[in-house]
Amino acid sequence: MEPSGPFQPSRTPSTPPDRTAAAGPSPPAKGNTEIQKPTMPIGPVPGPDAAADTAKASAAESTSTFAALRDPKFRWLWAANVISGIGSMMHATAAAWILVNEAGAATLVTLLQTMVSLPIFLFALPAGALADMLDKRRVVLGSQLAGFFTAAVLTGLALAGMANATVLLISAFALGMAAAFGFPAWQAMLPELVGKSRWPSAITLGSISINLARSLGPVAGGLLIGLAPPAVVFGINAVSFLAVVTAVATLRSGKREPAGDAEPFLSSMAAAVRHIRYSPVIRRVLGGQALYIFMAVAPAALLPLIARHLKLEGAAFGALTGVYGMGGILTAFVALPVMRRRWPVDRIFQVSGLGGLLAAGGLAIVDSLSGVVPLLFLAGGAWMASMSQFTIVGQASFPHWVRARASAVQLMVTQGAFALGAVVWGQLTQHGSLHLALGVAAGGLGISVLTGWRWPMQKLLPRDLTPHEHRPRHGGFFREPQPDEGPVLVEVAYRIDPADEPAFFQAMRELRGVRLRDGAFRWGLYHDLVRPGILHEVFLVEDWSTHMRQHARYTVESWRIEQAARQFHKGPEPPAVTHCLRVNLRGASDGIRPPEDGTDR
């Protein structure tokens, strides 16, 4: 999301794997077995040539930049987003150019960008929790109406001659608030608009819309600065928000994937943080993205100061911003589809990181307009390639139940790194020099490239996060637990051949992550000191409703990881599963009463 835009291998035992779900000792649910059955095609079975053609067509679909535009719903939303993005960039250009002539311009210009990014950093996670709980379409509508209201008020103040630096910074913060609440819902709504094969296209087109705005908006804004008062530019931005409002208002809500019963607001945010904490791929994506953005934002954040250093006028500054955006557009149209067909994810990150390094390093030593233009073009292309890949990898790593919240955290990291980077590079320019700031940023991008080479992401990506038809049967309970009762202790007893223990332990390390990501707050694996070969997996969940949400959050990837551990279990019966509720001794008289026959359930 553009800050100023609206959305912007192991030993295998001889026994066959057990297929029972780990939720209880009951027989496996139907969904657990059906997933292994191949689906027979309807009609004639295609020959190898036809199958090859189908595979090629599918690959072309997944790498085509324009595939998502075949869906009319996405097409209209994308067009509206382009219009709104252009208006926002016109607004940002006008505001930055007003401030570039103020005292302390280096601080004010970068602070303007920080004021847009800061509310996104602060409020994106609560916004993501709301988007996972409410109708995403209405959340997007509300955020766009808030952006319209803010821009309209600023227009009035500008007409009254009151659009000073303080007003511009406050309005930037308010527009950032609208973006904070709109983007997570918009990003999570993408799977409801386009098929999974078109996600890369949809995400790339979203980045293209940003770069179209960066190309056209600053040029238009720069021209208007000399022809009309700032109020006109701010008014155009206000009207542009209505394009998204109109497009979203006509969109019917898509089918929502099940995510269990409603989760309390604060608990939903804690669940998102917990999921990210125990997800190596998401942590890797967020860490790599933060480092890259912090360094690569320098050319964009310092662009008004570069223009002033070159002694350019407002229209020329807008044209320079357009060059940066055009680099991103042509990269998305020409380079990215080819790169995705030929290179793995990490190679794309390395190449784009090197491009950003060359651009920032070149800008640090070039003082002519003829040298700055191609370097800005390269910087825009490198930014587009990296940011679109970070978004694609992130969306491929977020399961359905936490997609909006995880998208919000990704947005928080993006805007936090953007805001911090803008401030740091602005201050380094203020107290040092423009060339020093750009040179340090180039060195940092070199560190980013080395980090990506040392810790690649491709091998961390999950295979399939599709919701699994996980239907646990909690049999034998003498009463049904209440949703708020807990904590809940779940124990799974495995019979393991001692020769298989090292491989079993490795499989359980992965299963530990599943349990903790999906709701457990404590996990352990214990040897039974009475029965040799028996190991107990024990995990604790906050309450019964959270335990039931664990089942609703089960994915095909979770099932695969669990089966990789359960295949080491020996014996004709599946591992025994026990569920226990903590006894509250303060209210022991109201506690759990055992069945009258004294049986142990």
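Here goes a summary of the coordinates provided. Remember, predicted model here, so these are calculated numbers, not experimental data.

1. Examining the packing of helix α10 (residues 280–296) against helix α15 (residues 369–397)
The geometry of a pair of packed helices is captured by two quantities: the angle between their axes and the separation between those axes. It is at 10 Å that the axes of α10 and α15 come closest, and there the two elements cross at 160°. Our classification of the angle between α10 and α15 gives roughly antiparallel. Between α10 and α15 lies a crossing of left-handed hand. Contact residues: Val 281, Ile 282, Val 285, Gly 288, Gln 289, Tyr 292, Ile 293 and Ala 296 in α10; Ala 382, Trp 383, Ser 386, Met 387, Phe 390, Val 393, Gly 394 and Ser 397 in α15. Looking at side-chain class alone, the contact of α10 with α15 contains 11 nonpolar, five polar and no charged residues.

2. What to know about the packing of helix α9 (residues 265–277) against α10
Between α9 and α10, the least distance of the axes is 6 Å, while the angle of their chain directions is 90°. Between α9 and α10, the angle falls in the class roughly perpendicular. On α10, the residues that touch His 275, Ile 276 and Arg 277 of α9 are Ile 282, Arg 283 and Leu 286. Considered class by class, the residues forming the contact of α9 with α10 number three nonpolar, one polar and two charged.

3. Thoughts on the pairing of strand β2 (residues 520–527)
Sheet topology places β2 next to strand β3 (residues 534–541); seven bridges connect them, and they run antiparallel. Bridge pairing links Leu 525 to Glu 537 in β3.

4. Quick notes on the nonpolar core
Ranked by internal contacts, the top residues of the largest apolar core, which has 128 residues, are Tyr 292, Trp 383 and Trp 425. When near neighbours in sequence (up to four residues on either side) are disregarded, Tyr 292 contacts Ser 352, Gly 353, Ala 382, Trp 383, Ser 386, Met 387, Phe 390, Leu 445 and Ser 448. By size, the runner-up hydrophobic cluster in this structure holds 24 residues, among which are Val 488, Ala 503, Ala 507 and Phe 539.

5. Remarks on a nonpolar patch on the surface
Together, Phe 66, Met 326, Leu 330, Phe 333, Val 334 and Phe 377 make up an exposed nonpolar region whose accessible area comes to about 500 Å². Per element, the largest residue contribution to the nonpolar patch is four residues, and it comes from helix α13 (residues 314–342). The topology assignment puts Leu 330 in helix α13.

6. What about the pattern of salt bridges?
This model, assessed by the stated rule, comprises six salt bridges. The partner of Asp 500 in a salt bridge is Lys 570, with the nearest N and O atoms 3.7 Å apart. Within this pair, whereas Asp 500 is found in the loop between β1 (488–495) and α18 (501–518), its partner Lys 570 is found in the loop between α20 (556–566) and β4 (576–581), the two being separated by 70 residues in sequence. Of the two residues examined, Asp 500 and Lys 570, each falls in the buried class. Ionic pairing is found between Arg 515 and Glu 537, a salt bridge with its closest N-O pair at 2.7 Å. Remark: Glu 537 occurs in strand β3 and Arg 515 occurs in helix α18; sequence separation between them is 22 residues. Residue classification places Arg 515 among the buried residues on the basis of a relative accessible area of 8%. Look at Glu 537 and you get buried, because its relative accessible area is 0%. When salt bridges with common partners are traced through the structure, they connect Arg 515, Glu 537 and Glu 562 into a single cluster.

7. Some points on helix α3 (residues 72–99)
End to end, α3 covers 41 Å across 28 residues, agreeing with the expected 40 Å (1.5 Å per residue, within 8%). Burial analysis of α3 places 20 of its 28 residues in the buried class, the great majority of the element. The distance from a side-chain oxygen at the start of α3 to the backbone nitrogen of Lys 73 is 2.9 Å, and the residue carrying that oxygen is Asp 71.

Rules used throughout
- Residues numbered from 1 in each chain as written.
- Predicted model: local features only at pLDDT ≥ 70, side-chain atom pairs only at ≥ 80, totals over all residues.
- Heavy atoms only, no water.
- Axes fitted to C-alpha atoms, helices over the stretch in contact; angles between N-to-C directions.
- Helix = DSSP H or I, 4+ residues; strand = E, 2+ residues; numbered from the N terminus.
- Parallel < 35°, antiparallel > 145°, perpendicular 65-115°, else oblique.
- Left-handed = near helix turned anticlockwise from the far one by under 90°.
- Contact = heavy atoms within 4.5 Å.
- Nonpolar A, V, L, I, M, F, W, Y, C, P; charged D, E, K, R; others polar.
- Pairing = 2+ DSSP bridges.
- Core = buried A, V, L, I, M, F, W, Y, C linked by side-chain atoms within 4.5 Å.
- Buried < 20%, exposed > 50% of the residue type's maximum accessible area, 1.4 Å probe, protein only.
- Patch = residues over 30% accessible without salt bridge, like charges linked within 9 Å, V, L, I, M, F, W, Y side chains within 5 Å.
- Areas by Shrake-Rupley, 256 points an atom, 1.4 Å probe, with all protein chains shown as cover.
- Salt bridge = Lys/Arg side-chain N within 4 Å of Asp/Glu carboxyl O.
- Expected span 1.5 Å × (residues − 1).
- Polar contact = N/O pair within 3.5 Å; in protein donor to acceptor, adjacent residues only side chain to side chain.

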